Amino acid sequence: MENKPAFTAKLKGIGISVFENKTDGRLWYSASPSRRFVDSGSKEAKYTGTFNGIADLVLLREVVNQAVAWIGDQQATGDEE
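Conventions used here
Residues numbered from 1 in each chain as written. Predicted model: local features only at pLDDT ≥ 70, side-chain atom pairs only at ≥ 80, totals over all residues. Heavy atoms only, no water. Pairing = 2+ DSSP bridges. Helix = DSSP H or I, 4+ residues; strand = E, 2+ residues; numbered from the N terminus. Axes fitted to C-alpha atoms, helices over the stretch in contact; angles between N-to-C directions. Contact = heavy atoms within 4.5 Å. pLDDT = per-residue confidence, 0-100.

Sheet topology note: the strand β3 (residues 26-38)/strand β4 (residues 45-48) ladder contains four bridges and is antiparallel. Residue R35 lies in a different strand from β4, and its bridge partner there is T48. What sits between β3 and β4 in their antiparallel hairpin is a turn of six residues, with K43 showing a positive phi close to 65 degrees.

Okay, the sheet that holds β3 next. Strands pair in a sheet through their backbones, by hydrogen bonds, and they do so in one of two ways: parallel or antiparallel. Judged by pairing direction, the sheet is antiparallel, and its four strands sit side by side in the order β1-β2-β3-β4 without closing on themselves. Only two strands of the sheet have a single neighbouring strand rather than two, namely β1 (7-11) and β4. For this sheet, the mean inter-axis angle between neighbouring strands, taken without regard to orientation, is 30 degrees. One ladder, built from 10 bridges, connects strand β2 (residues 14-23) with β3; its direction is antiparallel.

Relative to the helices and strands, L27 resides in strand β3. Not counting the four nearest positions on each side in its chain, L27 is found in contact with E20, N21 and K22.

The predicted model of the protein has a mean per-residue pLDDT of 93, with 94% of residues at 70 or higher. Within the protein, the lowest mean pLDDT, 93, falls on helix α1 (residues 53-80), and the highest, 98, falls on β1.

Dropping the structure here:
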């Protein structure tokens, strides 16, 4: 199985990646949120799971809502088959 996200959402440096997983033939989803920042020393883009302040949390809430909606759509589609 690939380790590529099945779904991603991003808003102003805040993102979430959703991965499909199978265990014993059962499909389930895991999600990994992240915040992009530029390292001041190396000037390289890096990612962290730490969020700073209410502005980051508001954006995180939105990308989580998008991930929840996507997972719900996938499960609804799977239930019809």
